[in-house]
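Listed below, chain by chain, are the residues.
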Amino acid sequence: MTVPSVILVFSGKRKSGKDFITDLLQDRIGKDKCAIMRLSAPLKKQYAIDHGLDYERLLDASDYKERFRGDMIKWGEDKRTADPGFFARIITSGPGSEKSVWMISDARRHTDVAYFLDNYPGKVMTVRVKADENIRVKRGWVFTPGVDDAESECGLDTGVNFDVVITNNGSGDASLDTSVGNLVQQVLGWLSRDLTAQQQM
Ligand SMILES: Nc1ncnc2c1ncn2[C@@H]1O[C@H](COP(=O)(O)OP(=O)(O)OP(=O)(O)O)[C@@H](O)[C@H]1O
């Protein structure tokens, strides 16, 4: 099993900007050091295969993805209930797993967070991305019953003491720059501590 120096486990509501923030962090930390891993990626691939669908179209922000979202969520929940580490194990053994910083961009349930905390003690930072509802609407979010009130959206609303909370109401927001900058510094700090520890071994 590859063990990175830092694992950032992200969660947040739809259109809060999880992808935007993880992309930003990856640019700042460096693509050579940092991988973005999506728990939903193998879910979509396997769901597409099982249901004869177009995998590429499930990945983008199209209506196609929205049409299948509800059923796909249920299918994934059933898989995760049977084996909570099923998707996490797939993404952490694939491309990018050799890098020292992993960013899991879409944790949804307590079992997702628990998987990383249990398997990588001392390496995990939990990060919550937040955005005001009106901002999420401007980004295209429409409340969808069965999706936005499901466990996959609300499972982490309570019960996790997030290590970092990022408020992402827009790129002109100075607090966004500050919180991203602080997180980058923390990650670099963990990386250099790990490097020093390895050199002393
Ligand atoms: N700070 C920001 N400045 C400008 N645009 C942003 C910002 N944050 C997010 N966006 C834009 O808002 C849209 C939604 O963001 P993003 O895809 O990152 O959200 P998400 O939380 O990953 O959504 P989902 O859960 O639906 O996949 C994207 O078009 C993204 O570029």
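Residues numbered from 1 in each chain as written. Predicted model: local features only at pLDDT ≥ 70, side-chain atom pairs only at ≥ 80, totals over all residues. Heavy atoms only, no water.

Where an unreviewed UniProt entry is consulted, the chain appears under the name Phosphomevalonate kinase, with the organism given as Ridgeia piscesae. Comment text from UniProt for the chain, heading Pathway (unreviewed entry), reads "Isoprenoid biosynthesis; isopentenyl diphosphate biosynthesis via mevalonate pathway; isopentenyl diphosphate from (R)-mevalonate: step 2/3." (UniProt positions renumbered as here; feature names shortened; annotations may be inferred.)

Undergrad: What's the story with the environment of Ala 131 in this structure? I'm lost.
TA: With respect to the helices and strands, the residue Ala 131 is situated in the loop between β4 (124-130) and α7 (133-138). On the basis of relative accessible area, Ala 131 is assigned to the buried category, the value being 16%. Separated by 50 residues in sequence, Ala 131 and Thr 81 have C-alpha atoms that sit 29 Å apart. (Helix = DSSP H or I, 4+ residues; strand = E, 2+ residues; numbered from the N terminus. Buried < 20%, exposed > 50% of the residue type's maximum accessible area, 1.4 Å probe, protein only.)

Undergrad: What is the right way to read the nonpolar core from this model?
TA: Proteins that are soluble and globular tend to have nonpolar side chains buried together. Counting residues in hydrophobic clusters, the biggest one holds 26 residues, and the most contacted among them are Ile 7, Val 9, Leu 58, Ile 104, Phe 116 and Tyr 120. Those elements that place two or more of their residues in this core are β1 (6-12), β2 (34-37), α2 (40-51), α4 (63-82), α5 (86-91), β3 (101-104) and α6 (110-119). For this core, the leading source of residues is α4, giving four residues. Look past the residues within four positions of Leu 58 in its chain and what remains in contact with it is Lys 44, Tyr 47, Ala 48, Tyr 64, Lys 65, Phe 68 and Met 72. Ranked by size, the runner-up nonpolar core spans 22 residues in total, among them Phe 10, Ile 29, Val 127 and Val 129. (Core = buried A, V, L, I, M, F, W, Y, C linked by side-chain atoms within 4.5 Å. Contact = heavy atoms within 4.5 Å.)

Undergrad: What am I meant to see in the site of the ligand here?
TA: Surveying the vicinity of the ligand reveals 14 residues, the closest of which are Gly 17, Lys 18, Phe 20, Arg 139 and Asn 168. Contacts to the ligand include Lys 18, whose side-chain N or O atom sits 2.7 Å from an oxygen atom. Take Phe 20: an N or O atom from its main chain is 2.8 Å from an oxygen atom of the ligand. With three residues, helix α1 (residues 18-29) is the single largest residue contributor to the shell around the ligand. Residue composition of the shell around the ligand, by class: two nonpolar, five polar and seven charged. (Near = heavy atom within 4 Å. Polar contact = N/O pair within 3.5 Å; in protein donor to acceptor, adjacent residues only side chain to side chain. Nonpolar A, V, L, I, M, F, W, Y, C, P; charged D, E, K, R; others polar.)

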